[in-house]
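Architecture at a glance
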Amino acid sequence: MKKGFFLTVALFTVLFSFAQQKYTINGTIRDQKTGETLIGATIVLVGNHTYSVLSNAYGFYSITAPKNDYILLATFSGYENDTLKVSLSKDRTLNLDLKPHPTQLQEVVISSRKNDITQTLPGMQKISMTEIKNVPVLFGEKDILKTIQLLPGIKSAGEGSSGFFVRGGAADQNLILLDEATVYNASHLLGFFSTFNSDAIKDVTIYKGDMPAQYGGRLSSLLDIKMKDGDDKNYKVTGGIGLISSRLNVEGPIVKNKGSFMISARRTYADLFLKLSHDSSVNQSIIYFYDLNAKANYQFNPNNRVYLSGYFGKDVLGYSNQFGIQWGNSTGTIRWNHIFNNKLFSNTSFIYSNYNYNISINQANNKLFILSRIKDLSMKEDLQYFAGSSNKVNFGFNITRHIFTPGNIKTSASSSFNSLILPDKYAFDGAAYVSDEWALNDRLKFNSGIRISMFAMVGPGDFYSYDSSGTIKSTQTYASGKIVKSYLRAEPRFAATYQLNDFSSVKASYSRNVQNLHLLSNSTGSNPTDLWIPSSNNVKPEIADQFSAGYYRNFGNNKYEFSAEVYYKNLQNQIDYKNGAQLVANQLVESQLVFGKGRAYGLELYARKKVGKLNGWISYTLSRTERKIDGVNNNNWYPATQDQTHNLAIVAIYQLNKKWTFSSDFVFNTGNAVTWPSGKYEVNGSTVFYYAERNGYRMPANNRLDISATLEGKKSKKFEGSWTFALYNVYGRENPYFVQFQDNPADPQKTQAVQYSLFRWVPSVTYNFKF
Amino acid sequence: MKNKIAYNLFFLIFFLLTGCKKVIDVSLKNADVQLVITGEVNNLPGPYKVTVSKSVNFTSDNNFPPVSGAFITISGNGITDTLEEKEPGSYFTHRLEGKPGEGYSLKVSVNGKNYNATSVMPEPVELDSLTFTLGRDNDIYPIANFKDPPGINNYYQFIEFANGIKFNNGRGNSVFDDRLSDGRYIKRTLYDDSDDVKPGITLKVQMNCIDKAVFNYLNELSQISGNGSFSSPAPANPDSNISGGALGYFSANTVSSKTVEIH
């Protein structure tokens, strides 16, 4: 109702605006040196009034203002400002090229900082590749997913893990997009590395629940990752050699100023070191991963541009030739940017995404091969209409076909196991959306949208319903293409920003997200064999409603920024598992599930200094995350595993001189909620522990300091090189990873708790080069 | 099995990366004392035993107080046998004979409360032979070889003995079901702590055919005991087939075993 009112008001504003003589400037904003389009750059027209707009995901902008003389100011973090006089007396196209700031760390970008207080959705954060490059991480392999864990409201799934939890959501409630394609398993090597090779990445934005209406399908966050387009002016090779992995990135023009390509590859070689070991258990082990990012784009004419991008990654883990497991994602995107006119921008995407794993056991009389896969084909149409000086309308639709292969087992005749093909499952996933960004006046802005999502599970196949004990109640057979169960859900989203003065603002928002794909995981970490299942006749769509509000303030002439946000999130139809749930190769896997609800609330504080030799940020989160699951803890609310009361991260980067840059991060967090025994008893002569409640205890708190130093080598016109030395866990704290309870081996009359820790003092050195 | 190997590899990675462990002090809450009942009827000649004991606090010694004075019966084959307490907390049948295919029900009355359980003894499956395989570092793993009867669900329990004594610490216990192996000739590698399986010992492997509820219980028990790990789901007490709120289980099962000297 309220929304209808605002939309009507918006419409009138648009109509009234025709009364005045107005003209439109549009164009694309790029990096002057490489031709990379700049995402989220600010373009401001300063005259009697000020009109501003952000460039979209393809660097396109359009701004409409009354006839007048203006100063046009274009700004982007890490680039020099561009100022020019514009006499607006007709529609015109103006492409802007910004010059990168020579020393990236000393960036002074006042206007774009100011925009953080006015323009963005609450809970949205961008992190620059420069920051990702400088934050020390495990093994010296710069990593997007580990760096975002240092932001408020985002928690690590475990030490060294690339898995993360956003505002009390589960690990599978994050939508991770790489050039619009869903990445189903974003980790390599059981979670210690993320699948994203930072060399190939241009832009990283995370939305903590309040995602634009264009996106949906996950409850707690959207991590939107955009690959580099490639330099369209010069050929360039960059790379790095590290202790356990190396990277190489090649980019250059296809046709100068019209098209470019980028290919980036990475491989770990820890397994080569394993070969040197005399221990047969080590030297016969196989552990490595590789990934490949590739992208090409070509501009046919000023109004049409086509992008091709792909990702391919694979992990291989094995022991001699007896046992092996491989898993990986592959994605592909074809996008067509079309500018209909100076106000209407369109992007059409065709997207392919695939995640699979296979396990092979190859013993003399026991050969076994298991395959599991999820495959998506999508089409997406997104339109942006820069309606007037105060309105921007986004609308579009998308449709996806999912094919799930839950498990195919092939065995040799002498194997202990039968061959088994679990039938493929099919689902369609679609959505249509419209959203409007509307500046009522210089101070008040609204961002309202609605997304209608549809999910349908279709035949062929047998579909079961279960009674409360999990035994089959009835079976129904559906023909190919027949709808088994469909869900239509409306997802309203609304945000308002009120600018109190030049340096502070308040924001408030509400959003609803719906999730129709669910990850079944028997482990707290990332496991390649975790299984994605669709909503069905037994599994209802998960729903999250989030309310959030925030206060944003810049200090010291916009050199410092501060924000405080609060959120409350309510989660419905959350999934948990029965005791001893059998999730592997089980056609009746839905009978193993129990359902419940969740709630999460918290306060996030964030202070940041972006300017000067010393910069960095402090983030602190105070939060609570709870679950209420049928049959667990007598149906009472209890803390979820990822419930960490306090979470603190401090990142500092200090540029001593042109040669040396030092950086460090410090983290502290309350331990996860865990289930520990409250007694013991004896069964068949062995000690068994008695558990009184789920997650009734706390792991000890974690803290850790990491440091790194980067030494820039001599720069010549042709060649640049740098060394990065890093030390993870400087003071060697034994942070608890898990605690095991057991009989004391030295005194069988006693039991003991044994704490396992992972990493103490992990040094690394990396050489990076560019020519 | 594949999980076990993956698990080992997982650990291998950790220990390469300077993993370390230490004993810590944790302050654990004390829950109310729980009653624990375990009982078995099998296809070997009786008497069969039921034990009743109590749980203790985590910090106490591993002395689990026996519960005396319980009134216990097991019914089956048309008779009801009242058990006799021959030592504190241990109760024995007089004349009951376990037969495959028969159902048995246990009734325990103690301190004014009643606990009941039933279990059906499956048809027996013979353990054909024991063979061995060498793993990493020449660890020896026994392999149990047997033919799974086709068309029915079978559940197996393995118990290992070194020189006639059960392995310590709950090791040498595992369960297996034929969900993915129905009708196969099964060569089941017993991945248990290899410290116990070494040259010079006489190894006995006992294979019991158990019913579904007992399998579920023992399967959940194995998930929370011994090397339960960081990646396992939150531990919970196994679902018992005994009603009335006692811990433990009651099983009617068949027994087949093989003994081999390891050289």
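Just so you know, these numbers come straight off a predicted model, no measurement behind them.

Residue and element names in this part refer to chain A. For chain A, the domain assignment lists domain 1 (2-104), domain 2 (124-223) and domain 3 (224-770). Tallying the contact residues gives 71 residues for domain 2 and 108 residues for domain 3. In total, about 7800 Å² of surface goes out of reach between domain 2 and domain 3, with carbon and sulfur atoms giving 51% of it. In terms of surface lost to domain 3, no three residues of domain 2 exceed Glu 159, Arg 167 and Tyr 184, which account for 12% of the buried area on that side. For Arg 167, the salt bridge goes to Glu 604, with nearest N and O atoms at 2.8 Å. Between the two partners, domain 2 and domain 3, sit 60 residue pairs in polar contact (both at pLDDT 80 or more).

A contiguous patch of positive charge on the surface is contributed by Lys 33, Lys 133, Lys 658, Lys 715 and Lys 770 of chain A. By the element assignment, Lys 770 of chain A lies in strand β51 (residues 762-770).

Counting across every chain of the model gives 38 aromatic pairs over all chains. Ring plane angle 40 degrees and centroid distance 6.3 Å describe the contact between Tyr 290 of chain A and Phe 312 of chain A, whose orientation is recorded as tilted. Taken together, the positions of Tyr 290 of chain A in strand β21 (residues 285-301) and Phe 312 of chain A in strand β22 (residues 304-319) put the pair 22 residues apart, joining distant regions of the chain. With a centroid separation of 4.9 Å and 80 degrees between ring planes, the pair formed by Tyr 298 of chain A and Phe 300 of chain A is classed as edge-to-face. An aromatic cluster is built from Phe 719, Trp 723, Phe 725, Tyr 767, Phe 769 and Phe 771 of chain A, whose rings are joined through pairwise contacts. We note Lys 680 of chain A situated over the ring of Phe 58 of chain B; from NZ or CZ to the ring centre the distance is 5.9 Å. Geometry around Tyr 697 of chain A places Lys 29 of chain B over its ring, the cationic atom sitting 4.8 Å from the centre.

Before going further, it helps to spend a moment on the environment of Glu 80 of chain A. With respect to the helices and strands, Glu 80 of chain A occurs in the loop between β5 (68-75) and β6 (82-88). The sequence separation of Glu 80 of chain A and His 101 of chain A amounts to 21 residues, and the corresponding C-alpha distance is 5.5 Å.

All names here are of chain A. Looking at chain A as a whole, the pLDDT averages 87, with 93% of positions reaching at least 70. Below a pLDDT of 50 lies the segment residues 11-17, which in the model reaches five contacts outside its immediate sequence neighbourhood of four places, other chains included. Of the regions scoring below 50 in pLDDT, residues 104-114 engages in 35 contacts with residues more than four places distant in sequence or in other chains.

Strand pairs in the sheet, formed through backbone hydrogen bonds, run parallel or antiparallel to each other. Residue and element names in this part refer to chain A. Pairing is antiparallel in the open sheet, where four strands are placed in the order β3-β2-β5-β6. Each having just a single partner strand, β3 (50-54) and β6 make up the two edges of the open sheet. Direction aside, the axes of adjacent strands within the sheet are offset by 20 degrees on average. Of the strand pairs in this sheet, β5 and β6 are connected by seven bridges, and their pairing is antiparallel. The partner of Asp 69 across the bridge, within β6, is Ser 87.

Here the focus is the sheet that holds strand β9 (residues 113-120) of chain B. The strand order across the open sheet formed by five strands is β5-β4-β8-β9-β17 (chain B), and the pairing between neighbours is antiparallel. Edge strands, defined here as strands with exactly one partner in the open sheet, are β5 (79-82) and β17 (242-243) of chain B.

Residue and element names in this part refer to chain A. Within the element layout of this structure, Asn 56 appears in the loop between β3 and β4 (60-66). Owing to a relative accessible area of 5%, Asn 56 belongs among the buried residues under this scheme. Within polar-contact distance, the side chain of Asn 56 engages the side chain of Gln 384 at 2.7 Å. Contacts of Asn 56, omitting those with residues within four sequence positions, involve Leu 38, Ile 39, Gly 40, Phe 345 and Gln 384.

What follows is about empty space enclosed by the protein. It is a probe the size of a water molecule, rolled over the atoms, that shows where empty space is left. Residues and elements named next belong to chain A. In this structure the tally under the stated criterion is 14 cavities of 30 Å³ or more. Of the pockets and cavities examined, the largest cavity occupies roughly 400 Å³. At the level of elements, β12 (174-178), β24 (344-363), β25 (366-385), β26 (391-411) and β29 (444-458) are the ones that each hand at least two residues to the lining of the largest cavity. Grouping the constituent residues of the lining of the largest cavity by class yields seven nonpolar, eleven polar and seven charged. Both domains that meet at the lining of the largest cavity, namely domain 2 (124-223) and domain 3 (224-770), each give it at least three residues. Taken as a whole, the second largest cavity holds about 260 Å³ of empty space. Every element with two or more residues in the lining of the second largest cavity is listed here: β26, β30 (461-466) and β35 (531-534). With five residues, β30 is the single largest residue contributor to the lining of the second largest cavity. Each residue belonging to the lining of the second largest cavity can be placed in one class, and the counts come to 14 nonpolar, six polar and four charged.

Scoring rules and cut-offs
- Every chain's residues receive numbers from 1 upward, in the order its sequence appears when written.
- All chains are assigned letters beginning at A, and all ligands numbers beginning at 1, according to the order in which they are written.
- Whole-chain, interface and lining totals are the exception, using all residues; otherwise, since this is a predicted model, local features are given only for residues with pLDDT of at least 70 and side-chain atom pairs are given and counted only at 80 or more.
- The basis for every side-chain value is the complete set of heavy atoms in the structure, and neither hydrogens nor water enter the calculation.
- Domain start and stop points were drawn from an automatic or database domain assignment.
- Only heavy atoms matter for contacts: two residues are in contact if any of them lie within 4.5 Å across the pair.
- Defined in terms of a 1.4 Å probe, buried area is the accessible area two parts forfeit on being brought together, summed over both.
- Any carboxyl oxygen of Asp or Glu that lies within 4 Å of a side-chain nitrogen of Lys or Arg is treated as forming a salt bridge with it.
- Here a polar contact is taken to be a pair of N or O atoms separated by no more than 3.5 Å, where protein atoms must pair a possible hydrogen donor with a possible acceptor and residues adjacent in sequence count only if both atoms sit in side chains.
- Surface patches are drawn from residues lacking salt bridges whose relative accessible area is over 30%; two like charges belong together within 9 Å, two nonpolar side chains (Val, Leu, Ile, Met, Phe, Trp, Tyr) within 5 Å.
- For accessible areas, the Shrake-Rupley method is used with a probe of radius 1.4 Å. Any residue's cover is judged against the shown protein chains and nothing else.
- In summary, the charge assignment counts Lys and Arg as positive and Asp and Glu as negative, without counting His or the chain termini.
- In this description, the location of a charge corresponds to atom NZ of lysine, CZ of arginine, CG of aspartate or CD of glutamate.
- By definition, any uninterrupted DSSP run of H or I lasting at least four residues is a helix, any uninterrupted run of E lasting at least two residues is a strand, and each is numbered from the N terminus.
- Each pair of aromatic rings taken from Phe, Tyr and Trp, with Trp reduced to its six-membered ring, is defined by centres within 6.5 Å and is described as stacked if the planes are under 30 degrees apart, edge-to-face if over 60, and tilted in the remaining cases.
- We count a charge as sitting over a ring when the NZ of a lysine or the CZ of an arginine lies within 6 Å of the ring centre and within 35 degrees of the ring normal.
- Values of pLDDT, the confidence the predictor places in each residue, fall between 0 and 100.
- Any two strands with at least two DSSP bridges between them are considered paired.
- Axis geometry follows a simple rule: fit a line to the C-alpha atoms, using only the stretch in contact for helices, then measure angles between N-to-C directions, giving values from 0 to 180 degrees.
- Buried means the residue's accessible area, taken with a 1.4 Å probe over protein chains only, is under 20% of the maximum for its type, while exposed means over 50%, and partly exposed covers the values in between.
- The distinction between a cavity and a pocket rests on a 1 Å grid over the protein atoms alone: a 1.4 Å probe fits inside a cavity but cannot get out, while a pocket stays open yet meets protein on both sides within 12 Å along at least five of seven lines, and a residue with an atom within 4 Å of a point counts as lining.
- Grid points are joined across faces, edges and corners, and a volume is the space filled by probe spheres set on the points.
- In this count, Pro and Cys sit with the nonpolar residues alongside Ala, Val, Leu, Ile, Met, Phe, Trp and Tyr, while Asp, Glu, Lys and Arg are called charged and the others, Gly among them, polar.

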